[in-house]
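Now for the letters of each chain:
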Amino acid sequence: DTAVSQTPKYLVTQMGNDKSIKCEQNLGHDTMYWYKQDSKKFLKIMFSYNNKELIINETVPNRFSPKSPDKAHLNLHINSLELGDSAVYFCASSQDLGRAARSFFGPGTRLTVL
Amino acid sequence: DAKTTQPPSMDCAEGRAANLPCNHSTISGNEYVYWYRQIHSQGPQYIIHGLKNNETNEMASLIITEDRKSSTLILPHATLRDTAVYYCIVRVEDNYGQNFVFGPGTRLSVLP
């Protein structure tokens, strides 16, 4: 069973389009996150959600809007895509807010904006 | 976060113990040692962490020196599926979520 799943794995789209990435965890965790991998080794926190409530919204453009319909899902919607949005996006979950460093990560979604 | 240094690559025979070293000589008193790995084209996977005592879980053991300036991750019986890049980082235990900054890591190849 996949603990944290993301779809799609690859997403290629044109500038200006709107797209969504879905994330689901079946671990019963309270907290979910979105990260952007800017370079090979740097995962930048974008959002943290705890029990469907937004806890952290780092300096992310408001074109990025997370939505958590329930505790097991955290989707990421991106409006008006720009070239600089091209990156790998990781969803993650942890048992609670205090264990973010022990998160389970999804496989990543490689977004390419043309 | 303190910097870490790891050997760039290591080989290990299947079934043998893999011992992965990490130096973190500038670690602060409130920083933990965390180990993760990343198998090609997958997300990072948390393995184990510790502050000053040795730790063991179902995946690995972590040995931290008394001065906390270095540590060793031990995979007791390496399998082919343990082939991955292993990252040692030191960071405070956080709430809410922080950035992950991985160094080059150690590329472990488990050989049949």
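Participant: Describe the nonpolar core, with residues and values.
Facilitator: By size, the foremost hydrophobic cluster in this structure holds 21 residues, and its most contacted members are Trp35(B), Leu73(B), Tyr86(B) and Leu108(B). Residue assignment for this core shows that the elements contributing at least two residues are β2 (18–23), β3 (31–38), β4 (45–50), β6 (61–64), β7 (70–75), β8 (84–92) and β10 (106–111) of chain B. Per-element accounting of this core gives the leading share, four residues, to β8(B). Among the nonpolar cores identified, the runner-up in size contains 20 residues, and Leu11(A), Met32(A), Phe64(A) and Leu74(A) belong to it.

Participant: Tell me about the pairing of strand β3 (residues 19–25) of chain A, and name the residues and values.
Facilitator: All names here are of chain A. Bridging between strand β1 (residues 4–7) and β3 involves four bridges; their strand directions are antiparallel. Note that in β3 the partner of Gln 6 across the bridge is Cys 23. Where β3 meets strand β8 (residues 73–78), four bridges bridge the pair, whose relative direction is antiparallel. Directly across from Ser 20, in β8, lies its bridge partner His 77.

Participant: So what about the sheet that holds β3(A)? Which residues, and what values?
Facilitator: Residue and element names in this part refer to chain A. Spatial strand order, β1-β3-β8-β7: four strands in an open sheet with antiparallel pairing. What marks the edges here is a single partner per strand, and that holds for β1 and β7 (64–70). Each strand of the sheet is rotated relative to its neighbour by a mean of 20 degrees, with strand direction disregarded.

Each value, and the rule that gives it
Residues numbered from 1 in each chain as written. Chains lettered and ligands numbered in written order. Predicted model: local features only at pLDDT ≥ 70, side-chain atom pairs only at ≥ 80, totals over all residues. Heavy atoms only, no water. Core = buried A, V, L, I, M, F, W, Y, C linked by side-chain atoms within 4.5 Å. Buried < 20%, exposed > 50% of the residue type's maximum accessible area, 1.4 Å probe, protein only. Helix = DSSP H or I, 4+ residues; strand = E, 2+ residues; numbered from the N terminus. Pairing = 2+ DSSP bridges. Axes fitted to C-alpha atoms, helices over the stretch in contact; angles between N-to-C directions.

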